[in-house]
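# Fold and contact review
Okay, here's what each chain looks like letter by letter:
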Amino acid sequence: MKKKRTKKDIGLLVAIIVVVCVFIVSCIPAGYAVYLGHRHQVYVGELTDSFYNARLKGGVMATYLGENYHLTPDEASNIYLIIMDAGVGKPRKEPPANEDLIEISFPDGAKLTLSGTEIMEKARKVDYGLYVKFETADGEVFEYDTDALEGIEWCRKILYRSR
């Protein structure tokens with residue numbers, strides 16, 4: 001004979017469904033955070049490889065305001081340190097709408113674009129920062145904005161000194 005469901009059984013079933021739904025919904029942001037952390041590690045690894053290879057082979061070229069610059073290994077390393085110091089940025093889908101871009105080409109075919117940018121998220125302490133776009137030799141693209149305001153200024157100074 002089939003047992004009739006009581007209010008207690010139905011309440012327990014509803015509670016289980018609610019707990020499962022809350023668990024699933026809470027896993028989405030955690031999973032996205034893990035994904036972003038992994039993407040940042042891949043970005044740092046690829047960027048490090050390009051700078052390391054450039055240091056060994058030389059030939060790092062930069063373009064800024066229509067002028068071309070040949071960067072020494074030390075100048076390229078300084079730009080690398082500025083980017084690493086900027087830390088984890090917020091992923092971005094499109095470049096900033098300005099002409100003030102520093103474009104760096106590596107011997108392995110990778111490209112790095114740096115620019116000052118308005119921060120898209122107004123909850124941050126600053127409203128202007130460093131935009132970084134790195135395209136690997138394989139075509140994988142990483143785009144971030146960081147609140148490292150002084151980063152773009154230091155990159156410009158490095159270029160002006162390399163003249």
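In short, a report on the structure. (Residues numbered from 1 in each chain as written. Predicted model: local features only at pLDDT ≥ 70, side-chain atom pairs only at ≥ 80, totals over all residues. Heavy atoms only, no water.)

Okay, the pairing of strand β4 (residues 101–105) next. Here β4 shows a buried face lined by Ile102 and Ile104 and an unburied face lined by Leu101, Glu103 and Ser105. Here strand β1 (residues 60–64) runs beside β4; their pairing, made up of four bridges, is antiparallel. Bridged to Thr63 within β4 is Glu103. Examined bridge by bridge, β4 and strand β5 (residues 111–118) share five bridges and lie antiparallel to one another. When the bridges of β5 are listed, Leu101 appears paired with Ser115. What sits between the antiparallel neighbours β4 and β5 is a turn of five residues, in which Gly109 has the positive phi angle 100 degrees. (Buried < 20%, exposed > 50% of the residue type's maximum accessible area, 1.4 Å probe, protein only. Helix = DSSP H or I, 4+ residues; strand = E, 2+ residues; numbered from the N terminus. Pairing = 2+ DSSP bridges.)

Our focus in this paragraph is unusual backbone geometry. Notably, Leu65 is not glycine yet its phi reads approximately 50 degrees, a positive angle. Here Leu65 shows up in the loop between β1 and β2 (67–71).

This part takes up the pairing of β1. Here β1 shows one buried face, formed by Val60, Ala62 and Tyr64, and one open face, formed by Met61 and Thr63. Direction of pairing for β1 relative to β2: antiparallel, over a ladder of five bridges. When the bridges of β2 are listed, Thr63 appears paired with Asn68. Counting the residues in the hairpin turn of β1 and β2 gives two residues, including Leu65, whose phi is positive at 50 degrees.

Further remarks concern the sheet that holds strand β6 (residues 128–135). What the seven strands build is an open sheet, ordered β2-β1-β4-β5-β6-β7-β3; its pairing is antiparallel. Only two strands of the sheet have a single neighbouring strand rather than two, namely β2 and β3 (90–91). As defined by bridge partners, β6 adjoins strand β7 (residues 141–146) across six bridges and the pair is classed as antiparallel. Note that in β7 the partner of Lys133 across the bridge is Glu143. Strand contacts of helix α2 (residues 73–86): β1, β2, β4, β5, β6 and β7, with the helix running at about 100 degrees to β2, the strand carrying the most contacts. (Contact = heavy atoms within 4.5 Å. Axes fitted to C-alpha atoms, helices over the stretch in contact; angles between N-to-C directions.)

This brings us to α2. The end-to-end C-alpha distance of α2 is 20 Å, a good match for the 20 Å that 14 residues give at a rise of 1.5 Å each. All of the buried residues in α2 are Glu75, Ala76, Ile79, Tyr80, Ile82, Ile83 and Ala86. Across the axial projection of α2, the buried residues extend over an arc of 155 degrees, all falling on one side. Turned more than 90 degrees off the buried face of α2, the exposed positions are Leu81 and Asp85. At the exit of α2 stands Gly87, carrying a positive phi of roughly 80 degrees. (Expected span 1.5 Å × (residues − 1). Arc of directions from axis to C-beta.)

With that out of the way, let us pick up the nonpolar core. Within the largest apolar cluster, 28 residues are counted, with the highest numbers of intra-cluster contacts made by Ile79, Ile104, Phe106, Leu112 and Leu114. Here this core gets six residues from one element, more than from any other, and that element is α2. (Core = buried A, V, L, I, M, F, W, Y, C linked by side-chain atoms within 4.5 Å.)

What follows covers the packing of aromatic side chains. Applying the stated rule across the entire model yields six aromatic pairs. Judged by centre distance (4.8 Å) and plane angle (80 degrees), the ring pair of Phe51 and Phe106 falls under edge-to-face. One end of the pair, Phe51, is in helix α1 (residues 7–57); the other, Phe106, is in the loop between β4 and β5, and 55 residues separate them in sequence. For the pair formed by Phe51 and Phe106, the shared burial category is buried. (Phe/Tyr/Trp six-rings, centres within 6.5 Å; stacked < 30°, edge-to-face > 60°.)

Now for a nonpolar patch on the surface. A cluster of nonpolar side chains, contributed by Leu12, Ile16, Val20, Phe23 and Ile24, occupies part of the molecular surface with about 490 Å² of accessible area. Relative to the assigned elements, Val20 resides in helix α1. Residue Val20 is classed as partly exposed on the basis of its relative accessible area, which comes to 41%. (Patch = residues over 30% accessible without salt bridge, like charges linked within 9 Å, V, L, I, M, F, W, Y side chains within 5 Å. Areas by Shrake-Rupley, 256 points an atom, 1.4 Å probe, with all protein chains shown as cover. Salt bridge = Lys/Arg side-chain N within 4 Å of Asp/Glu carboxyl O.)

On their own, these measurements won't tell you what the molecule is for.
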